[in-house]
Amino acid sequence: MTATNEIKIRARRLFFAYGESRVLNDLHVDIHSHTITAVVGASGKGKSTLLTLFNRLWEDIPDARMQGSVHIRLEGTDRDIYHPSCSLPDLRRKVGMVFQTPNPLPMSIYKNVAFPLKMAGISNKARIGDAVETALKQAFLWDEVKDRLREDARRLSGGQQQRLCIARALVVEPEVLLLDEPTSSLDATATETIEKLILSLKETCTIVVVSHDMAQVERMADRWLELSEGRIVNDWPDNQWIDSV
Amino acid sequence: MKARCCDKLVTAWAWLSGLVLTASVATLLGFLLTKGAGTLSPALFFGDTVPLDALLLKRQVFEGIFPATVGTLLLVGLAVGMAVPVGIATGIYMAEFAAPRTKAVFGLFFDILAGIPSILVGLFGFSAAIFLHHHFSGQITPCLLISALSLAFLVLPYLIRTTQTTLENLPRHVRMTAPALGASKLQTIFYVLLPQSLSGIVSGIILSIGRCAEDTAVIMLTGVVATAGIPASLLSGYEALPFYIYTVSAQYADQAELMRGYGAAIVLLAVCALLFALTAFIRHRLADHLLYGAR
């Protein structure tokens, strides 16, 4: 599969604030299926916040407030993710997220990757084993860790830890993957591997990535959005200088 | 120059304080050991009763501290056993579920509870026993169960506060990890937050064990007796090491009896050390099981 015209995420009239400080101000955006969309802009302009609006992770932050609507096409149907009937755990399995700093849980490599399956109530060991292996292979990590699956995941290198976190998000077969500056804490070689990995995931997922590194954005992204003053001020390469939809 | 001088002064002060503290503990232990080590023998525990008969509860021990040791172990086990589930659950509620106002009000009450002198908790337990005796069953008198309940109340605030603060101090990225992977709130608490807070919670439990093992004021009013033997049930009187040490040092008849008091103090320390070690062992096994368990 390649980029299609199908809209995966449709966000309208997004307003967001932490306490008194307003972060997003009437933001509109459409993100297409099987594309890599990069969100760029200066620090503290709400790039990471925008990602957490797509999996409702912001709701765990005290003092945060949001208005607007986000629809995501999941399992072939359009879902209003802020509708009361939308199950949070299900949403977050379908819309995976990887953070800036690798955050393996203090447990073995295997248990880390199996964790989301366990949370989903899957207990069939053979099925878990297969899914863990597939996810680690997808994340280009299997060959490096297949003989040490029971080791503490925190003993892996930074780059390996980040690939582990990506594998952990992939194990429940998400349709959307949100990456919050996934390479900012890594060296050049590790960054290159992760970039290749992200490109390879485009076939199975729709990817939204926050990045500070413009060279990286140009290497990876199909489209990039610049955030400023709580809105999208630039949208390359299609509609330049849009204010809002 | 002034700043450097200040730095050195603070460092010296810190060193000195640490040294004084360590030296005090060492002196205390040394004093107890030199005084009491001579009395450590089966006779200290069992008097003139045959040890095997005493251990199998065939004959009551009158002259030894065996019943007091068993009493203390039972008391600590019961009190901590009752307080831990309630304390941890309340700590979780405070850290993860309580609204800010509720949290402030409850927090104030827990702090007041932590500041109540133990003799008052003892009086409360005593009054409760009298009340129950009059209104429910004539069989209820000050006893092991009442003592354990009172002690549980005494240590609850430590358990609640340590659990709460450890959970609240977990960094945000740790809190976000599991929800981002589709874990529900309860799953996040049980699979990630609690295992990561284990050492904080365990230090609260250790503090509680120490408090229950040493407390004399509460148990004096709620059921400890000088010679009760091994308690037959939760509703019987019992003996306890701190109370034994207290009575011996207050009214010893001869030097040998006083020495037995020192012996009992060493045994009390050893009982505490044993319980701490057991707690640490359980913590270790639990952490292994929760975090690194089989594939």
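Rules used throughout
- Positions within a chain are numbered from 1, following the residues in the order the chain's sequence is written.
- Just so you know, chain letters begin at A and ligand numbers begin at 1, following the order they were written in.
- Only residues with pLDDT of at least 70 are given local features in this predicted model, and only at 80 or more are side-chain atom pairs given and counted; all residues enter the totals for whole chains, interfaces and linings.
- Hydrogens and waters are ignored; side-chain quantities use all the structure's heavy atoms.
- With a 1 Å grid laid over protein atoms only, a set of points is called a cavity when a 1.4 Å probe fits there but cannot get out and a pocket when it is open yet has protein on both sides within 12 Å along at least five of seven lines; lining residues have an atom within 4 Å of a point.
- Grid points are joined across faces, edges and corners, and a volume is the space filled by probe spheres set on the points.
- Helix and strand definitions here come from DSSP, where helices need a minimum of 4 consecutive H or I residues and strands a minimum of 2 consecutive E residues; each element is numbered from the N-terminal end.
- We call Asp, Glu, Lys and Arg charged. Ala, Val, Leu, Ile, Met, Phe, Trp, Tyr, Cys and Pro are nonpolar, and the rest, Gly among them, are polar.
- By definition here, a helix of n residues has an expected span of 1.5 Å times n minus one.
- Any two residues having at least one pair of non-hydrogen atoms within 4.5 Å are treated as being in contact.

Visitor: Is there a simple way to explain the layout of surface pockets in this structure?
Guide: Empty pockets left among the atoms are what a rolling probe the size of a water molecule brings to light. Taken as a whole, the largest pocket encloses approximately 680 Å³ of empty space. Along its surface, the largest pocket is lined by 26 residues, and Asp60 and Ile61 of chain A together with Glu96, Arg175 and Lys185 of chain B are the ones closest to its centre. Put simply, the parts of the chain that give the lining of the largest pocket at least two residues each are helix 2 (88-94) of chain A together with helix 4 (66-97), helix 5 (100-115), helix 8 (172-180) and helix 9 (185-214) of chain B. Of the residues belonging to the lining of the largest pocket, the class tally is 15 nonpolar, two polar and nine charged. Considering only enclosed or pocket space, the second largest pocket measures out at about 500 Å³ in volume. Considering the residues around the second largest pocket, the lining is formed by 22 residues, among which Val80, Val84, Ile205, Thr279 and Ile282 of chain B are closest to the centre. Mapped onto the lining of the second largest pocket, the elements with two or more residues apiece are helix 4, helix 9 and helix 12 (255-292) of chain B. If one sorts the elements of the lining of the second largest pocket by residue count, helix 9 of chain B sits on top with eight residues. Taken together, the residues that form the lining of the second largest pocket break down as 18 nonpolar, three polar and one charged.

Visitor: Sorry if this is basic, but what is going on with empty space enclosed by the protein here?
Guide: Evaluated as defined, the whole model comprises one cavity of 30 Å³ or more. Looking at the largest cavity, its volume works out to about 50 Å³. Residues that form the lining of the largest cavity fall into these classes: six nonpolar, two polar and one charged.

Visitor: How should helix 6 (residues 118-135) of chain B be read in this particular structure?
Guide: An ideal rise of 1.5 Å per residue puts 26 Å on 18 residues; helix 6 of chain B measures up with 25 Å between its terminal C-alpha atoms. Of the surrounding elements, those touching the buried residues of helix 6 of chain B are helix 7 (144-168), helix 9 and helix 10 (217-222) of chain B.

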